[in-house]
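Descriptive structure summary
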Amino acid sequence: MILDHMTWPEIDAIDRDGTVAVGCIAATEQHSHHLPLATDHIIGSAILQRLHEAAADRVLVLPTVWLGVSSAHMGFAGSLTTSPRHLIDTACDLGESVLRHGFKKVLFVNSHDDNQPALTVAVQDLADRHEGATIVAANYWTIAARDLNDLRESPPGGIGHAGELETSIVLAIAPDLVHMDRAEPDGSQPASSFSQGEMLLPPKVTVPRPFSAFTTHGGFGDPTLATAEKGERFLDAIVRRLAALCEDIAAGRV
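Quantities reported herein were computed from a predicted structural model and do not represent experimental measurements. (Residues numbered from 1 in each chain as written. Predicted model: local features only at pLDDT ≥ 70, side-chain atom pairs only at ≥ 80, totals over all residues. Heavy atoms only, no water.)

Focus: the layout of surface pockets
What the largest pocket holds in volume is close to 1,200 Å³. Together, 40 residues line the largest pocket, and D113, D114, P203, T206 and F211 are the ones closest to its centre. Counting residues per element, the lining of the largest pocket draws most heavily on helix α4 (residues 116–129), at 3 residues. Considering only residue class, the lining of the largest pocket consists of 18 nonpolar, 14 polar and 8 charged. (1 Å grid on protein atoms, 1.4 Å probe; cavity = no way out; pocket = protein on both sides within 12 Å on 5 of 7 lines; lining within 4 Å. Points joined across faces, edges and corners; volume = space filled by probe spheres on them. Helix = DSSP H or I, 4+ residues; strand = E, 2+ residues; numbered from the N terminus. Nonpolar A, V, L, I, M, F, W, Y, C, P; charged D, E, K, R; others polar.)

Right under this line is the structure:
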């Protein structure tokens, strides 16, 4: 069920107990020389569309939020950003709207790494104010990390911003927006092992830095290993794990 495509009486007739309202929180920001600024919300929206196809009777898909916390990318033209405080308010307002309509289970799927702190605060705030509701936040890459690591070809460090994972997925869903002739490995790891990491192998500490400080053209990882076929396998793994999470939420196991 896709909220944007329904009338209000159709939404009013949905079973509140067994339905999970799912929204994607994404971003609009630079993704190196080869991917569009819309990458995060293109990926997030495609994941939720496929989730709808896999579990249409259990999920109500909300519109994707395309603005995120992208201050680290503002050194590259075109990137758009909001403050963590504003993203917290936006996520809370979205959740409040759904809860006021009687839904009791809300899942925010994060499609941009730097949104994580704000989303953690937002789901805690909503949960504190709505006892009995189930409010969940999940990174699409974290819930499927084991499967994605099994599918990858790049060594640690190859899956990051505009790297093997994101490039493969966009090749699978919007190939006309990908410029593989411009794709190059990019990004340098810090000297300390505490802050080394990548998307699927996160660092042990959080150290905010602008992307211009450790990349040449805004990427992090190796996009040259990306293929559309691999993107389909990545998407299948993500949607399969996300559908399982929604099943657990709907059944009260989360």
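Some points on unusual backbone geometry
We note that S32 has phi near 65 degrees; this positive angle belongs to a residue other than glycine. If you check the backbone angles, A162 has positive phi at about 60 degrees while not being a glycine.

Let's talk about the packing of aromatic side chains
A complete count under the given rule lists 3 aromatic pairs for this structure. Taken together, a centroid distance of 5.0 Å and an interplanar angle of 90 degrees make the contact between Y140 and W141 edge-to-face. Accessibility expressed as a relative area gives 1% for Y140, which makes it buried. An angle of 50 degrees between the planes, with centres 4.9 Å apart, marks the rings of F211 and F214 as tilted. Comparing F211 with F214, the two get one shared label, buried. (Phe/Tyr/Trp six-rings, centres within 6.5 Å; stacked < 30°, edge-to-face > 60°. Buried < 20%, exposed > 50% of the residue type's maximum accessible area, 1.4 Å probe, protein only.)

Quick word on the pattern of salt bridges
Across all of its chains, the model carries 12 salt bridges by this definition. For the salt bridge of K104 with D17, the shortest nitrogen-to-oxygen distance reads 2.8 Å. Of this pair, K104 sits in the loop between α3 (84–100) and β3 (105–110) while D17 sits in the loop between α1 (8–12) and β1 (20–25), and the two are 87 residues apart along the sequence. Judged by relative accessible area, D17 falls into the partly exposed class, the value being 42%. Ionic pairing is found between R85 and D89, a salt bridge with its closest N-O pair at 2.9 Å. Within this pair, R85 and its partner D89 are both found in helix α3, separated by 4 residues, close to a single helical turn. When its relative accessible area of 47% is taken as the criterion, R85 is described as partly exposed. Beyond isolated ion pairs, a larger network of salt bridges with shared partners links E96, D125 and R129. (Salt bridge = Lys/Arg side-chain N within 4 Å of Asp/Glu carboxyl O.)

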